[in-house]
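# Understanding the architecture of this molecule
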Amino acid sequence: MDDGFAGLGCLLNVGHEIEKFFKCDTLWDIAVAQVSKKNEEKEDFEVRERSVFFLGNKSGGKTTVILRFLDRDEVPKPTLALEYTFGRRAKGHNTPKDIAHFWELGGGTSLSDLAQIPVTIDSIRTLSIVLVLDLSKPSDLWTSMEKLLIVTRNHINMAINELGKKDSINVNDIKQKTWKTLQRNHPDWELIDPFPIPLVIIGSKYDIFQDFESEKRKVICKTLRFIAHYYGASLLFFSNKAESTISKMRTILNHLAFGTDRSKTVSVEHNKPLFVPAGLDSLSLIGSPPAAEVELGKINARNPIDLWKKVYERLFPTENTSELKDIGDPAKDPQYAEPEVDAMRTQKDQELEQYRRNASKSWKEMQFDTRR
């Protein structure tokens, strides 16, 4: 009986060996595997490029944020129209560097149509938006945020639609990434409207903001938390004088620019700088708009964002100013002086003025040759 079991065991072992033999990769399989491995290694060494588009209030601190992120010891200068710079980061020793393209829109909301330059079908797959809002000017905050996001979103949607005509797979990837930061079991899944591409909102000049009255700070903090959560954005407060805020800013921007790990730290105390990565807040934690229940019942709103807007603007009425009027003529700015160019410009201005005077003459004063 034992010999029978022993013989059966031998047969099973032989069977396993035969099975292993026939399951062995052929030379072709091995070659394919080697080529695939080399391709993966090649992809790891390829230089990846991403783009980050900064926009926000005029003189709100966009340039300062970029310079501190890139660790450049320069004095910030006013941004004219649209400016470009870049940053690089090495993945490891003796490896190519990743490249991040930084675009900065100047002029606040007045030049928002220039967003179509950095927002293209070529950049849209790796593009992120950073909205810098000046906390020291709460009356301008909502208006600037709203106009800049609407215009930018329109350009983004156009770029995505154009891309969809050529590559529907990439468009689906973009749409999936939009919701990636929010888990499907999140209670606010059906109540928010995520921005089409990654969005970060930075509240700048926190050193001034922290001296506001406590109640004002609380209202602004709650409102910005709602805006960020509604659009699926990350939110942080920044001060060029506070190293802790600079460090958190770099963490967020490194994630956008170079794909580093996302921070999961959260700080929502209105007496401290806010830091809320996308998807880690909720409407229940934020609470209702800062108004009495009786007042809320009297406000006619189309959706949650409209309700918060009306409550916020009651507390911080929008000032009747136009950023467009504040923009000076770059040709007359001393920091961009060019003697030869400026002399020619003066001459052309004089010729233009002479032409205008001549053109303003009445028809009766002009002599026409009526002969045929």
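Our subject is the structure that appears above.
Summarised in this report is the structure supplied together with it. Everything numeric in this text was worked out from a predicted model, so none of it was measured.

So, on to the pairing of strand E4 (residues 127-134). Most of E4 is tucked away, with eight of its eight residues classed as buried. Burial of the side chains of E4 extends over both faces: Leu127, Ile129, Leu131 and Leu133 are buried on one face and Ser128, Val130, Val132 and Asp134 on the other. As paired strands, strand E1 (residues 49-56) and E4 are joined by six bridges and run parallel to one another. When the bridges of E4 are listed, Leu55 appears paired with Leu131. For E4 and strand E5 (residues 199-204), the ladder comprises six bridges, and the chain directions are parallel. Bridging from a neighbouring strand, Leu131 pairs with Ile201 of E5.

Our focus in this paragraph is the environment of Asp98. Structurally, the position occupied by Asp98 is in strand E3 (residues 97-105). Taking the C-alpha atoms as reference points, Asp98 and Glu49, 49 residues apart in sequence, are found 6.0 Å from one another. Only 3.3 Å separates the side chain of Asp98 from the backbone nitrogen of Arg48, close enough to count as a polar contact.

Inspection of every chain in the model, using the stated rule, returns 14 aromatic pairs. For the pair Tyr84 and Trp103, a centre-to-centre distance of 5.1 Å together with 55° between the ring planes defines the contact as tilted. Placement of Tyr84 in strand E2 (residues 82-90) and of Trp103 in strand E3 is noted, with a sequence separation of 19 residues between them. In this structure Tyr84 comes out as partly exposed when scored by relative accessible area, which is 41%. A residue is classified by how much of its surface remains accessible, and Trp103, at 22% relative accessible area, is partly exposed. Plain terms: the ring middles of Tyr230 and Tyr231 are 5.3 Å apart, the flat faces sit at 80° to each other, and that makes the pair edge-to-face. Ring pairing ties together the aromatic residues Phe195, Phe226, Tyr230, Tyr231 and Trp308, which thus form one cluster.

The end-to-end C-alpha separation of helix H7 (residues 214-230) is 24 Å, in line with the 24 Å expected for 17 residues at 1.5 Å each. Within H7, 13 of the 17 residues are buried, which leaves it mostly tucked inside the rest of the structure. With its phi angle positive at about 65°, Gly232 sits one or two positions after the end of H7.

This brings us to the packing of H7 against helix H11 (residues 304-315). The description of two packed helices rests on the angle between their axes and on the distance between the axes. Where H7 contacts H11, the two axes come as close as 11 Å, and the packing angle between them is 160°. Between H7 and H11, the crossing angle belongs to the class labelled roughly antiparallel. Handedness of the crossing formed by H7 with H11: left-handed. Only Pro304, Ile305, Trp308, Tyr312 and Leu315 of H11 make contact with H7, whose side of the interface consists of Val219, Ile220, Lys222, Thr223, Phe226 and Tyr230.

Within the fold, Tyr206 resides in helix H6 (residues 206-209). Residue classification places Tyr206 among the buried residues on the basis of a relative accessible area of 6%. A sequence separation of 70 residues divides Tyr206 from Ser136, and the C-alpha atoms of the two residues are 7.6 Å apart. For Tyr206, the residues in contact, after removing those within four places along its chain, are Leu135, Phe237, Phe238, Ser239, Asn271, Lys272 and Pro273.

The next subject is the sheet that holds strand E6 (residues 234-237). Across the sheet, which stays open at both edges, the seven strands sit in the order E2-E3-E1-E4-E5-E6-E7 with mixed pairing between neighbours. The strands lining the two open edges of the sheet, one partner per strand, are E2 and strand E7 (275-276). Of the pairings in the sheet, the one linking E5 to E6 comprises four bridges and is parallel in character. Its bridge partner being in E6, Gly203 is matched across the sheet by Phe237. Packing of helix H4 (residues 138-166) onto the sheet brings it into contact with E1, E3, E4 and E5, and relative to E4 it is tilted by some 165°.

Scoring rules and cut-offs
- Residues numbered from 1 in each chain as written.
- Predicted model: local features only at pLDDT ≥ 70, side-chain atom pairs only at ≥ 80, totals over all residues.
- Heavy atoms only, no water.
- Buried < 20%, exposed > 50% of the residue type's maximum accessible area, 1.4 Å probe, protein only.
- Helix = DSSP H or I, 4+ residues; strand = E, 2+ residues; numbered from the N terminus.
- Pairing = 2+ DSSP bridges.
- Polar contact = N/O pair within 3.5 Å; in protein donor to acceptor, adjacent residues only side chain to side chain.
- Phe/Tyr/Trp six-rings, centres within 6.5 Å; stacked < 30°, edge-to-face > 60°.
- Expected span 1.5 Å × (residues − 1).
- Axes fitted to C-alpha atoms, helices over the stretch in contact; angles between N-to-C directions.
- Parallel < 35°, antiparallel > 145°, perpendicular 65-115°, else oblique.
- Left-handed = near helix turned anticlockwise from the far one by under 90°.
- Contact = heavy atoms within 4.5 Å.

Take it as geometry only, folks, not as evidence of what the structure does.
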